Amino acid sequence: MRSKPIETSLSFLVIFLCQFSMAQEVTVSSFVNKIGEGTVYNANINYRKHQASGLMVINQTEEGTRIDLLSKVGNTLLSCTLTPEKVIWEKFFLDITPKRRHKKALEKSFRILLLLDLAEAKTVIPNKKNYFKLKGNLRGGYTLDDSHSHVINARQQCWLNLFRRKVALDYIGDNPLPEHIELTHGIFNFDINLNLLD
Amino acid sequence: MIRISVLLIAFCISAGSSFGQMYSDLKPMEDIAVFKKGLTETTKSTKTIKSEFVQKKKLKVMKAPITSSGYILFQQPQNLKWAYSEPYVYAIILNSTEMIVDDAGKINRIPLNDNPLFSDLSQMIISSVEGTILEDSRFEKAYYQSEEYNAVMLEPNEADMKTYLNKMILYFDKTDFSVRKIIMEESEGNYTELTFSNVQPNIAIDPNAFKAY
């Protein structure tokens, strides 16, 4: 008979804790999940002293996330499809035969640029500072805006800060797609700037 | 055996129909000599061209094309300005020695002597606008006509060029022989279509238009 109030208190505590933890739970995913038939960004790519511009077309296909990088005059410079496990290259900068490490570096840049690891992670629990990390294979740190509706910063987890790729994303109004995306890879003087085309 | 034959026939019909849909209005040209003579005379007498254009880039993974527009300026012998004004500001200026890229004010100069690929592209763009690409021996040519246009289909002979161009179709006005449309097909379902309007031959063009500051 005496244990009843304790049991009741414990039940309340469990319910309270469950509700508290559910209040902290926010579903976050990449903006590429909201891309329909195709989204076009004006793209500027800088590598050391070299500068190139073009159009980056992002599509969600049955196989994965497809990227087509076009010159402004229309030629397709690069085409690839990124799946959670691999990247399928269709075209790589016209006649250039790439080195494996260049392809790998570009793949890593595309994955963080489009927050593709988040496309796989369904739910995360951000802390009070709106910052959270993905662990395991999908390693990265992400910052959400105050309303928890958009990822505004992302960075790759790396043993040395110098080698980290960092991404900043800006949004306008209710548009779920970022208006501006900037990737920087400091030590290699490599950056990609994307501006959403109307 | 019958199944294989049926599959082959179905494949041929589908391949033929995709070609047919895109170029369904074209039939073999009746008098190629007359067309070539008219084009040669027009090319010789054309010193400058000013024209507006609409560019549609079609990717097989997208239903709607990516559309941009702008203007071109051409001046004999080798000056061409290809300027986009919508939805981005971007221009390529070509002359006999360099390609200048003006990306919303950021200027990038590419010497053509050091870049055979850019040199080839530059020459191809200029000769397409000028109409002299028909004299280029690196292409196989086929001549067609429709109600509105004379058309020449060019297929590159060189393997290097085939990596970025499967075929190109130039549409010429039947009366003044000016280039009115260019379709550059990269691969099945992926192509760029340029349609020219307000074509003004032999008007005065300020030489400073071909400079970048």
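Computed from a predicted structure; not experimentally measured.

Chemist: An account of the pairing of strand 8 (residues 139–145) of chain B is needed here, citing residue identities and associated values.
Modeler: All names here are of chain B. Looking at chain direction, strand 1 (residues 27–28) and strand 8 are connected through two bridges and run antiparallel. Following the sheet pairing, Pro28 is matched in strand 8 by Tyr144. Hairpin connection, strand 8 to strand 9 (residues 149–156): the antiparallel pair is bridged by three residues.

Chemist: Requested: an account of empty space enclosed by the protein, with residues and values cited.
Modeler: A complete count under the given rule lists one cavity of 30 Å³ or more for this structure. Approximately 40 Å³ is the volume attributed to the largest cavity. In this structure, the largest cavity is lined by Leu55, Leu70, Ser71, Lys72 and Gly74 of chain A together with Gln55, Lys57, Ile66, Ser68 and Tyr88 of chain B. At the level of elements, strand 2 (48–58) and strand 3 (66–75) of chain B are the ones that each hand at least two residues to the lining of the largest cavity.

Chemist: Tell me what's going on with the interface of chain A and chain B, and back it up with residues and numbers.
Modeler: Across the contact, 22 residues belong to chain A and 22 residues belong to chain B. Ranking the residues of chain A by area buried against chain B places Glu37, Lys72 and Val73 of chain A at the top, with a combined share of 30%. One salt bridge in this structure joins Lys72 of chain A and Asp103 of chain B, with 3.8 Å as the shortest N-O distance. Inspection of the chain A/chain B interface yields seven residue pairs in polar contact (both at pLDDT 80 or more). Looking at side-chain class alone, the side of chain A that touches chain B contains seven nonpolar, nine polar and six charged residues.

Chemist: Describe the pattern of salt bridges, and please don't skip the residues or the numbers.
Modeler: Scanning all chains against the criterion turns up 13 salt bridges over all chains. By sharing partners, the salt bridges in this structure join Arg66, Asp68 and Glu90 of chain A into a single network.

Chemist: Kindly report on the nonpolar core, identifying the contributing residues and their values.
Modeler: Judged by nonpolar contacts, the single largest core of 49 residues is most densely connected at Phe35, Trp82 and Phe196 of chain B. Of the residues forming this core, the biggest block, four residues, is contributed by helix 3 (residues 116–130) of chain B. Residues contacting Phe196 of chain B, with those up to four places away along its chain left out, are Ser51, Glu52, Phe53, Ile72, Trp82, Val179, Arg180, Lys181 and Ile182 of chain B. In this structure, Ile45, Cys80, Leu114 and Phe132 of chain A belong to the second largest nonpolar core, which totals 41 residues.

Chemist: So, the packing of aromatic side chains: which residues are in play, and what are the values?
Modeler: All names here are of chain B. In the structure shown here, the tally under the stated rule is twelve aromatic pairs over all chains. Look at Phe35 and Phe172: their rings are 5.3 Å apart centre to centre, the planes differ by 65 degrees, and that puts the pair in the edge-to-face class. Of this pair, Phe35 sits in helix 2 (residues 32–45) while Phe172 sits in strand 10 (residues 167–173); the two residues are 137 residues apart in sequence, bridging distant segments of the chain. Considered together, Phe35 and Phe172 belong to a single accessibility category, that of buried residues. Residues Tyr149 and Tyr171 carry aromatic rings whose centres are separated by 5.5 Å and whose planes lie at 75 degrees to one another, so their mutual orientation is edge-to-face. Within this pair, whereas Tyr149 is found in strand 9, its partner Tyr171 is found in strand 10, the two being separated by 22 residues in sequence. A network of ring pairs unites the aromatic residues Phe53, Trp82, Tyr84, Tyr88, Tyr90 and Phe196 as a single cluster.

Chemist: Residues and numbers for the confidence of the model for chain B, please.
Modeler: For chain B, per-residue confidence averages 84 on the pLDDT scale, and residues scoring 70 or more make up 88% of the total. This stretch, residues 1–19 of chain B, has a pLDDT under 50; its non-local contacts, to residues over four places away or in other chains, come to three contacts.

Chemist: I'd like a rundown of the confidence of the model for chain A, residues and numbers included.
Modeler: All names here are of chain A. Taken as a whole, chain A shows an average pLDDT of 81; of its residues, 78% reach a score of 70 or greater. Mean pLDDT per element in chain A: helix 1 (residues 3–24) is the minimum at 56, and strand 11 (residues 166–170) is the maximum at 95. With pLDDT under 50 throughout, residues 16–23 is counted as low confidence; its partners more than four residues away or in other chains account for zero contacts.

Chemist: Tell me about helix 2 (residues 100–113) of chain A, residues and numbers included.
Modeler: All names here are of chain A. With 14 residues, helix 2 should cover 20 Å at 1.5 Å per step; its first-to-last C-alpha distance of 20 Å lies within 8% of that length. Where helix 2 is concerned, the buried positions are Leu106, Glu107, Ser109, Phe110, Arg111, Ile112 and Leu113. Downstream of helix 2 by a residue or two, Leu115 has a phi angle that is positive, lying close to 55 degrees.

The rules behind each value
- Residues numbered from 1 in each chain as written.
- Chains lettered and ligands numbered in written order.
- Predicted model: local features only at pLDDT ≥ 70, side-chain atom pairs only at ≥ 80, totals over all residues.
- Heavy atoms only, no water.
- Pairing = 2+ DSSP bridges.
- Helix = DSSP H or I, 4+ residues; strand = E, 2+ residues; numbered from the N terminus.
- 1 Å grid on protein atoms, 1.4 Å probe; cavity = no way out; pocket = protein on both sides within 12 Å on 5 of 7 lines; lining within 4 Å.
- Points joined across faces, edges and corners; volume = space filled by probe spheres on them.
- Contact = heavy atoms within 4.5 Å.
- Buried area = accessible area lost by both parts, 1.4 Å probe.
- Salt bridge = Lys/Arg side-chain N within 4 Å of Asp/Glu carboxyl O.
- Polar contact = N/O pair within 3.5 Å; in protein donor to acceptor, adjacent residues only side chain to side chain.
- Nonpolar A, V, L, I, M, F, W, Y, C, P; charged D, E, K, R; others polar.
- Core = buried A, V, L, I, M, F, W, Y, C linked by side-chain atoms within 4.5 Å.
- Buried < 20%, exposed > 50% of the residue type's maximum accessible area, 1.4 Å probe, protein only.
- Phe/Tyr/Trp six-rings, centres within 6.5 Å; stacked < 30°, edge-to-face > 60°.
- pLDDT = per-residue confidence, 0-100.
- Expected span 1.5 Å × (residues − 1).

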